[in-house]
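Commentary on secondary and tertiary structure
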2 protein chains.
Amino acid sequence: MKQTDSASVSRNYHHGDLYQSLLFTATEMIAEGGTESLSMRKLADRVGVSRTAPYHHFKDKNALLCAIAEQGFERVEKLLHEVRIKEESESLEMIFTQYVHTYIELAYKHREQYDLMFGREIWRNGTPTESLHNRSRQHFKSWLKWIEHLCDEKVLHVGDSTLRTAQVCWATLHGLCRLFNDGIYTEQSHLDEMVDTAVNMMLKNT
Amino acid sequence: MKQTDSASVSRNYHHGDLYQSLLFTATEMIAEGGTESLSMRKLADRVGVSRTAPYHHFKDKNALLCAIAEQGFERVEKLLHEVRIKEESESLEMIFTQYVHTYIELAYKHREQYDLMFGREIWRNGTPTESLHNRSRQHFKSWLKWIEHLCDEKVLHVGDSTLRTAQVCWATLHGLCRLFNDGIYTEQSHLDEMVDTAVNMMLKNT
DNA sequence: AATCAATCTTGACAGTGTCAAAATATCGTT
DNA sequence: AACGATATTTTGACACTGTCAAGATTGATT
């Protein structure tokens with residue numbers, strides 16, 4: 001039903017910590033009904049505060065969306081980090097394949113947030129927060145490092161620059177995510193096969 | 001109902017044929033300032049007609065957007081058709097590479113229209129017109145046929161089903177388009193290299 | 001207790017999509 | 001040529017949206 005600041009810092013000021021409440025509820029609303037269904041007014045209403053109260057914690061609707069997107073980046077960053085830890089136990093091909101599967105699952109599970117992370121709403125129409133900019137750059141850097149490693153180990157194609165390889169590989173993942181997230185492909189049951197095909201394309205063919 | 005044949009121009013009625021004018025001007029406005037900058041009211045204003053006049057030619061804003069997207073599909077369909085004609089003169093690898101370059105150029109040149117063709121605005125939030133549905137299906141069918149041909153000729157990877165190959169290859173192109181169209185990658189100068197890398201990934205490695 | 005800044009509310013404005021009803025123009029008949 | 005049906009356009013209205021300015025409330029600091 002309601003969450004009423006599960007965080008700490010209770011009961012000072014009118015609401016407690018509105019910032020966290022707003023962020024939490026906004027993420028919830030987006031997950032429920034898409035980015036379009038999130039309006040500053042409805043958000044305020046649901047948190048139980050007046051229309052313009054959120055504007056003292058987020059400069060803009062844009063700023064709020066950036067904050068939500070940022071949390072998404074934290075999630076995938078964590079995923080990537082976990083993968084690189086267990087590197088020893090299995091073959092690199094296997095790990096890579098699994099990562100791709102998980103990445104796309106994650107993107108679908110939190111599709112609205114994913115859309116925010118890489119959508120035009122923020123990156124073209126809006127103006128990405130400095131903080132968001134940094135975090136996304138940071139994440140791509142992590143990705144790039146891993147791809148470099150995979151190239152060194154001859155798991156992925158070589159020949160082209162690793163930077164381009166990293167960009168194109170990610171673009172492939174991203175393309176698949178968009179297809180499903182945007183509702184162009186709807187057959188969820190084909191997804192696994194498509195991912196395997198994509199991975200085959202990316203891996204070095206022995 | 002009504003059909004509003006596009007063929008005859010005919011100067012009858014108040015405006016002439018509003019339908020065509022609306023479609024044309026809307027496409028123009030979208031190209032100028034993005035999908036978000038297109039409002040039914042501003043459109044009507046620019047065409048020189050009252051706010052609600054467009055609603056007698058397009059059921060919805062959604063219907064208008066679908067019509068614009070449809071024209072985009074006509075364009076790429078034409079491109080694909082042209083490619084398949086000159087099949088004799090050059091190597092299939094060369095033709096495929098060129099097609100990919102042209103496709104992505106086209107997507108960037110008409111990025112707003114491209115976004116409409118494959119964006120959530122229509123396919124997830126809105127409801128694609130029956131007509132749009134058909135045309136997009138038709139286009140994918142053409143694409144699939146070509147990919148099948150390329151697989152037969154051992155130009156592309158074999159091993160996975162050609163359907164999946166077609167889907168994933170297109171997803172890769174699409175991913176690249178989105179990266180640039182959505183403003184995530186901004187270095188236009190890297191595009192050609194990235195496309196080459198992507199093509200290398202897709203082609204059968206000899 | 002008085003002051004100050006942080007926090008929240010009320011009021012307002014311009015913009016959006018779209019429905020209902022009224023006005024107007026054109027066409028097909030007579 | 002006149003008239004009624006019909007296609008086309010307009011005016012008015014409603015419920016939304018983001019966000020600014022000004023005022024009110026509260027907590028902490030002096």
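Quick look at the structure, then.

Criteria and cut-off values
- Residues numbered from 1 in each chain as written.
- Chains lettered and ligands numbered in written order.
- Predicted model: local features only at pLDDT ≥ 70, side-chain atom pairs only at ≥ 80, totals over all residues.
- Heavy atoms only, no water.
- Contact = heavy atoms within 4.5 Å.
- Buried area = accessible area lost by both parts, 1.4 Å probe.
- Salt bridge = Lys/Arg side-chain N within 4 Å of Asp/Glu carboxyl O.
- Polar contact = N/O pair within 3.5 Å; in protein donor to acceptor, adjacent residues only side chain to side chain.
- Helix = DSSP H or I, 4+ residues; strand = E, 2+ residues; numbered from the N terminus.
- Nonpolar A, V, L, I, M, F, W, Y, C, P; charged D, E, K, R; others polar.
- Buried < 20%, exposed > 50% of the residue type's maximum accessible area, 1.4 Å probe, protein only.
- Core = buried A, V, L, I, M, F, W, Y, C linked by side-chain atoms within 4.5 Å.
- Axes fitted to C-alpha atoms, helices over the stretch in contact; angles between N-to-C directions.
- Parallel < 35°, antiparallel > 145°, perpendicular 65-115°, else oblique.
- Left-handed = near helix turned anticlockwise from the far one by under 90°.

The next subject is the interface of chain A and chain B. In this complex, chain A contributes 42 residues to the contact, which on the side of chain B involves 42 residues. With both chains or domains summed, chain A and chain B bury close to 3,700 Å², and 54% of this area falls on carbon and sulfur atoms. Its largest share of buried area at the contact with chain B, chain A owes to R120(A), R164(A) and M201(A), together 18% of the area lost on that side. In this structure, the connection of chain A to chain B is made through 12 salt bridges. Ionic pairing is found between R164(A) and E193(B), a salt bridge with its closest N-O pair at 2.9 Å. For the pair chain A and chain B, the interface holds 16 residue pairs in polar contact (both at pLDDT 80 or more). Residue assignment for the side of chain A that touches chain B shows that the elements contributing at least two residues are helix 5 (111-118), helix 6 (120-125), helix 8 (162-181) and helix 9 (191-202) of chain A. Looking at the side of chain A that touches chain B, its residues break down into 15 nonpolar, 16 polar and 11 charged.

When charged atoms on two side chains of opposite charge get close, those side chains can pair. Overall, the coordinates contain 24 salt bridges over all chains when judged by the stated rule. Note that R46(B) and E28(B) form a salt bridge whose closest N and O atoms lie 3.2 Å from each other. Of this pair, R46(B) sits in helix 2 (residues 40-47) while E28(B) is found in helix 1 (residues 18-33), placing the two residues 18 residues apart along the sequence. Classification of R46(B) by relative accessible area gives partly exposed; the value is 40%. The exposure class of E28(B) is partly exposed, given its relative accessible area of 33%. The salt bridge involving K59(B) is made with D60(B); its shortest N-O contact spans 3.1 Å. With relative accessibility at 68%, the residue K59(B) sits in the exposed group. By relative accessible area, D60(B) is classed as partly exposed at 28%. Look at the salt bridges and you will find they share partners, linking E36(A), E112(A), D115(A), R120(B) and R124(B) into a network.

Turning to the nonpolar core, a few remarks are in order. Ranked by size, the top nonpolar core spans 132 residues in total, and within it F96(A), Y103(A), W143(A), F96(B), Y103(B) and W143(B) carry the most contacts. Among the elements that take part in this core, helix 3 (residues 61-85) of chain A stands out by supplying 12 residues, more than any other. When residues no more than four places from it in sequence are discounted, the contact partners of W143(A) are L80(A), F96(A), Y99(A), A166(A), C169(A), W170(A) and L173(A).

Residues and elements named next belong to chain B. Where helix 4 (residues 92-109) contacts helix 9 (residues 191-202), the two axes come as close as 10 Å, and the packing angle between them is 135 degrees. Taken together, the axes of helix 4 and helix 9 lie oblique to each other. Relative to helix 9, helix 4 is oriented so that their crossing is right-handed. Between helix 4 and helix 9, the residues in contact are F96, T97, V100, H101 and I104 and L191, D192, V195, D196, V199 and M202, respectively.

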